[in-house]
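# Summary of structural features
For reference, the chains in residue letters:
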Amino acid sequence: MMHFLLLFSRQGKLRLQKWFLPLPERDRKKIVKDMTTMMLARKPRTCNFLHWKDLKIVYKRYASLYFCCALENQDNELLALEILHRYVELLDKYFGNVCELDIIFNFEKAYFILDEFLMGGEIQETSKLSIAKSIEASDMLQETE
Amino acid sequence: MPAPIRLRELIRTIRTARTQAEEREMIQKECAAIRSSFREEDNTYRCRNVAKLLYMHMLGYPAHFGQLECLKLIASQKFTDKRIGYLGAMLLLDERQDVHLLMTNCIKNDLNHSTQYVQGLALCTLGCMGSSEMCRDLAGEVEKLLKTSNSYLRKKAALCAVHVIRKVPELMEMFLPATKNLLSEKNHGVLHTSVVLLTEMCERSPDMLSHFRKLVPQLVRILKNLIMSGYSPEHDVSGISDPFLQVRILRLLRILGKGDDDSSEAMNDILAQVATNTETSKNVGNAILYETVLTIMDIKSESGLRVLAINILGRFLLNNDKNIRYVALTSLLKTVQTDHNAVQRHRSTIVDCLKDLDVSIKRRAMELSFALVNGNNIRGMMKELLYFLDSCDPDFKADCASGIFLAAEKYAPSKRWHIDTIMRVLTTAGSYVRDDSVPNLIQLITNSVQMHAYTVQRLYKALLDDISQQPLVQVASWCIGEYGDLLVSGQCEEEEPIQVSEDEVLDVLEGLLVSNLSTPVTRGYSLTAIMKLSTRFTCVPKRMSRIKKVVSIYGSSIDVELQQRAVEYNALFKKYDHMRPALLERMPIMEKTGTNGPAEIVQTNGETESTILDTKHLPNITQPASQANDLLDLLGGNDVVPVIQTTVPTKPASAGGELLDLLGDLSLTGGPTPTPAPSVPMSQPPFLLDGLTSQPLFNDIAAVIPPMTAYNKNGLKIEFTFERSNPNPNIAVITIHATNSTEADMTEFVFQAAVPKTFQLQLLSPSSNVVPALNQGSVTQVIRVLNPQKVRCYCEPRPHSASYRSRSSEISPFILKHLQ
């Protein structure tokens, strides 16, 4: 299972944080700081995997945002890259050519989409269409009440 | 009170702040507004305020005063409120907060809501961060939803169940009935989450595992459909249909097939199919192949499949994509133990990866290279590894150096090569070498006796170049101290000998003592080395006084260790000068206890004589057995009479011979007791009793067999004294004393002994091989005999060759035989 998923900018500003394990606030802050430092120190053409404590860290840079997640030992790293990519695709579909500003100003929507895609550190839906439909319906519900 | 500003506006405002202080000010102002708004219990804008609070929380500011507000939002009827409320709960209200449990009731209500999206929110929140108490309370609801026909809810309920099981494993049983027809779903979301649920259950409980093994055919079918089915736009990723589901199924198959022949058999075909048919041009295909390889390696697959898997990994190694190379190296590392030969085929590719730019890949390649080193490829591999050591980052050097040492020790083709390799490591990565390698290296150097001159010469030259690398300096000082005489004598077979004088050597060592680069430990080594050279070098008064001066200076050193050494050495010069040569003489070869394993009966410490003895006595072992049989027949069974003939060995062919019961199986009395055997004259007592019937007068450990004279003829008398070895009472320690009452010394005295197979014999080296004349001294030698079955035995001389020549005497071997 995934332990956490973080999105942060090239300046190290956090844009989204999803924790699938209970951790005290202080530990979370420390982890965010560690991840940020590690990712930003990586040279451009190195591989996307790291070892940190007993977890595998998978990260990918999309434009100005770093997407970073932590996996357990038996999880498939190559698939994690696909998971991150799928999330970006979902955001792209929803916002239309998503950029960092979209995520800054609509962070709650980014969370809602993530919650339709992942739960408890696992994938809950593999169909892009299905997720898009659920979000649309939820938004509609919000509009009409 | 004006309406609170919108979220968008807040974000925009905060982003205009140019300094951290400005931002903080804005945030504090807004927080104050939000707090007063909360106090007014304003329902309309609560949602907006909490959203703003969550934004500020993400920037790193405290937001705990919004926790209760989240609860209120969750309890609201509006979907908008619930959405933000649950989001706030997930961000602010993890199970460590006291307020957490208050959510339980709200979630329970929402799980039964009429709108599926509300139910979805509740399930999501519970499944991401529900505490154990909440899970216990709400497990029933989740289980109910697991059986619903609504696939949107069913998939969420499945993952929620996974979370419940993780938090409260005892509740696993509860979800078992609901899993019955999970796999017959068409909906991929439900399928995927069901496989996750099944995986979690199988991982946690062996009973569940055996229960779910029957699902293997169904899983295989689903996987097959995914591969064979045509293009499905909904689930397609670069031409592959639902890779996420495929990988999850492969993972479940791995768990189900592990250790089970039938299941593994059932999945062989599909695994082969996936392995050969998957597109490898994109990352997606490789992700599936990777999972397939992991599965093949873990289950009981047939060898053809395993070879296929390793070949896939080999192909991965050649891929341009770094991630795939990394993954391949990691997997190969896991399989190298079990499928060593197959991995060896890819050795050259792996070694090439040492030159990769990526740090993670280099590390994996290094670990794998060490795992692949063997006797055949050691030379080639070592060249590559040494090159790698030269050029790698400092983080790697320590591990690489240790790895090289280990590999060199195991597979060194020659001593010279071994020492050269060590020298290379010390000179290139000297400061990164681990502390324990210094003693290990020293031990290795002492053991290669022929290489001493070469080694000390090379180390000396290395010291002249560079004294900053402490392990190198320490080993070098030690060697110069030990073998300084070889160094100055200019004898070196392996390479051109250098001409160096004693004074130059002392200069170098003194240089080490005063240098700022030397650590206290290194200084200690050099001081001791200088001291040792006082005996190795020729005893010129100027040199001795120089050494004495150095030693006395350090008698007042601040470093306690150095001071102690110097003071002691000083005392050695002053009061104990007669002992100095003996104390400082060449070290004997050190036994390595660790890696070779303790041998039960170790051949002795390198002395050549005993080894000759031992090899000689081996062929004798078989013969005594046949001779013993005859005597056994004559003597009969247990109740025997130990007939002792002490001094003169009579013709051994006769019925008596010398019979000594050396190792009675029970304890033995101190003195002799007369036996009922009639005809043999009991001249001298020390025969040993038939311990079967006597009362023990001493306890076993202390039982001592009285000494006896084993041979006394022509002036040569050999006495045996016995005792039991203290730690191991099965070992008898026999000490032989040989004395010579003739007028001429007996030279080349050699004692041999043979034992039957059930015994083990260890002959330690004799004190000397000259037995001085006229009983002026004796030669002693210790023999250890291990009698694991505590069988009684006796000793008799070999029937023939009883004579000896006066100059060289060879005692006929004593044979330990056993009765019955």
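See the structure shown above.
Residues numbered from 1 in each chain as written. Chains lettered and ligands numbered in written order. Predicted model: local features only at pLDDT ≥ 70, side-chain atom pairs only at ≥ 80, totals over all residues. Heavy atoms only, no water.

Across its full length, chain B holds 33 helices and 12 strands. In chain B, which comprises 820 residues, the share counted as buried stands at 54%. Long-range contacts, defined as pairs at least 24 residues apart, comprise 68% of the intrachain contacts of chain B with a sequence gap of at least 6. Accessible surface, chain B: about 37300 Å² in total, of which carbon and sulfur atoms supply 52%. (Helix = DSSP H or I, 4+ residues; strand = E, 2+ residues; numbered from the N terminus. Buried < 20%, exposed > 50% of the residue type's maximum accessible area, 1.4 Å probe, protein only. Contact = heavy atoms within 4.5 Å. Areas by Shrake-Rupley, 256 points an atom, 1.4 Å probe, with all protein chains shown as cover.)

Once that is clear, we can look at the interface of chain B and chain A. Contact with chain B, which involves 67 residues of that partner, is made by 61 residues of chain A. Across the chain B/chain A interface, buried area totals approximately 5900 Å², and carbon plus sulfur atoms make up 57% of it. When the buried area of chain B at its contact with chain A is split by residue, Met58(B), Arg83(B) and Phe244(B) rank highest and sum to 14% of it. Where Glu116(A) meets Lys156(B), a salt bridge forms, and the shortest distance between an N and an O atom there is 3.5 Å. Joining chain B to chain A, the criterion identifies 25 residue pairs in polar contact (both at pLDDT 80 or more). Here the residues of the side of chain B that touches chain A are counted per class, giving 29 nonpolar, 15 polar and 23 charged. (Buried area = accessible area lost by both parts, 1.4 Å probe. Salt bridge = Lys/Arg side-chain N within 4 Å of Asp/Glu carboxyl O. Polar contact = N/O pair within 3.5 Å; in protein donor to acceptor, adjacent residues only side chain to side chain. Nonpolar A, V, L, I, M, F, W, Y, C, P; charged D, E, K, R; others polar.)

Turning our attention to the nonpolar core. Residue and element names in this part refer to chain A. By size, the foremost hydrophobic cluster in this structure holds 269 residues, and its most contacted members are Met-35 and Tyr-87. Ranked by residue count, the leading element in this core is helix α2 (residues 77-95), at 11 residues. Residues within four places of Met-35 in sequence aside, it is in contact with Phe-4, Leu-6, Phe-8, Trp-52, Ile-57 and Cys-68. (Core = buried A, V, L, I, M, F, W, Y, C linked by side-chain atoms within 4.5 Å.)

Its place among the elements puts Lys56(A) in strand β4 (residues 55-62). Residue Lys56(A) is classed as buried on the basis of its relative accessible area of 8%. Within the structure, Lys56(A) has its side chain in polar contact with the side chain of Glu77(A) (distance 3.2 Å). Residue contacts for Lys56(A): discarding those within four places in its chain leaves Leu50(A), His51(A), Cys69(A), Ala70(A), Leu71(A), Glu72(A), Asn73(A), Asp75(A), Glu77(A) and Tyr290(B).

Residues and elements named next belong to chain B. Judged by side-chain charge, Asp-262, Glu-265, Asp-269 and Glu-302 come together as a negatively charged surface patch. Inspection of the secondary structure assignment puts Asp-262 in helix α14 (residues 261-277). A relative accessible area of 63% places Asp-262 in the exposed class. (Patch = residues over 30% accessible without salt bridge, like charges linked within 9 Å, V, L, I, M, F, W, Y side chains within 5 Å. Lys, Arg positive; Asp, Glu negative; His and termini not counted. Charge placed at Lys NZ, Arg CZ, Asp CG, Glu CD.)

Turning our eyes to something else, we now look at helix α25 (residues 452-465) of chain B. All names here are of chain B. Under the 1.5 Å per step criterion, the end-to-end length of α25 is 20 Å for 14 residues, consistent within 8% with the ideal 20 Å. Burial analysis of α25 places 10 of its 14 residues in the buried class, which makes it a mostly covered element. Buried within α25 we find His-452, Ala-453, Tyr-454, Thr-455, Val-456, Gln-457, Leu-459, Tyr-460, Ala-462 and Leu-463. In this structure, the buried residues of α25 make contact with α23 (415-429), α24 (437-447), α26 (470-489) and α27 (502-514). (Expected span 1.5 Å × (residues − 1).)

All names here are of chain A. Taken together, 5 strands build an open sheet; the order of strands is β2-β1-β5-β4-β3 and the sheet is antiparallel. Sheet topology places β2 (14-19) and β3 (49-52) at the edges, where each strand pairs with a single neighbour. Along the sheet, successive strands turn relative to each other by an average axial angle of 20°, direction set aside. Bridging between β4 and strand β5 (residues 65-71) involves 7 bridges; their strand directions are antiparallel. (Pairing = 2+ DSSP bridges. Axes fitted to C-alpha atoms, helices over the stretch in contact; angles between N-to-C directions.)

All names here are of chain B. Enumeration according to the criterion identifies 49 salt bridges over all chains in this entry. In this structure, Lys-144 engages Glu-141 in a salt bridge whose closest nitrogen and oxygen atoms are separated by 3.5 Å. Separated by 3 residues within a single helix, Lys-144 and Glu-141 lie in helix α8 (residues 132-146), roughly one turn from each other. According to the relative accessible area criterion, Glu-141 is buried, its value standing at 14%. Arg-434 is paired through a salt bridge with Asp-399; the nearest N and O atoms lie 3.0 Å apart. Of this pair, Arg-434 sits in the loop between α23 and α24 while Asp-399 sits in helix α22 (residues 394-411), placing them 35 residues apart in sequence. Among the charged side chains, a salt-bridge network with shared partners connects Glu-502, Asp-503, Asp-507, Glu-510, Arg-543 and Arg-546.

All names here are of chain B. Nonpolar side chains collect at one region of the surface, where Tyr-576, Met-579 and Leu-583 lie side by side and expose about 280 Å² of accessible area between them. Tracing the backbone through its elements, the reader meets Met-579 in the loop between α30 (560-574) and α31 (580-583). Using a relative accessible area of 36% as the deciding quantity, one classes Met-579 as partly exposed.

Another point: the packing of aromatic side chains. On inspection of all chains with the given rule, the structure shows 12 aromatic pairs over all chains. Between Phe107(A) and Tyr111(A), the ring centres sit 6.5 Å apart and the planes meet at 85°, which makes this aromatic pair edge-to-face. Placement of both Phe107(A) and Tyr111(A) in helix α4 (residues 107-117) is noted, with a separation of 4 residues, approximately one turn of the helix. Given the relative accessible area of 1%, Tyr111(A) is considered buried. With 6.0 Å between their ring centres and 65° between their planes, Phe388(B) and Phe396(B) make a pair best called edge-to-face. Since its relative accessible area comes to 1%, Phe396(B) is described here as buried. Cluster of aromatic residues (ring-pair linked, three or more members): Phe8(A), Tyr59(A) and Tyr66(A). (Phe/Tyr/Trp six-rings, centres within 6.5 Å; stacked < 30°, edge-to-face > 60°.)

Moving on, we come to the environment of Thr36(A). Residue and element names in this part refer to chain A. Take Thr-36: it is sitting in helix α1 (residues 25-41). With a relative accessible area of 9%, Thr-36 lands in the buried category. Each C-alpha atom of the pair Thr-36 and Leu-14 lies 8.8 Å from the other, and the pair is 22 residues apart in sequence. Apart from residues lying up to four places away in sequence, Thr-36 is in contact with Phe-8 and Gly-12.

A word on the packing of α14(B) against helix α15 (residues 283-298) of chain B. Residues and elements named next belong to chain B. Where α14 meets α15, the axes come as close as 9 Å, and the angle between the chain directions of the two elements is 145°. For the pair α14 and α15, the sense of crossing is left-handed. Touching Leu-271, Val-274 and Ala-275 of α14 are Ile-288, Leu-289, Thr-292, Thr-295 and Ile-296, all from α15. Class assignment of the residues belonging to the contact of α14 with α15 gives a composition of 6 nonpolar, 2 polar and no charged. (Left-handed = near helix turned anticlockwise from the far one by under 90°.)

Turning our eyes to something else, we now look at helix α1 (residues 7-15) of chain B. Within α1(B), the full set of buried residues consists of Leu7(B), Leu10(B), Ile11(B) and Ile14(B). The buried residues of α1(B) occupy an angular sector of 100° when the element is viewed end-on, so they sit on one face. On its buried face, α1(B) is in contact with α3 (100-105) and α4 of chain A together with α2 (20-39) and α3 (43-59) of chain B. (Arc of directions from axis to C-beta.)

Another aspect to go through is the environment of Gly130(B). Residue and element names in this part refer to chain B. Residue position: Gly-130 is located in the loop between α7 (116-129) and α8. Given the relative accessible area of 0%, Gly-130 is considered buried. Sequence separation between Gly-130 and Thr-104 is 26 residues; the distance between their C-alpha atoms is 8.9 Å.

None of this, on its own, says anything about what the molecule does.
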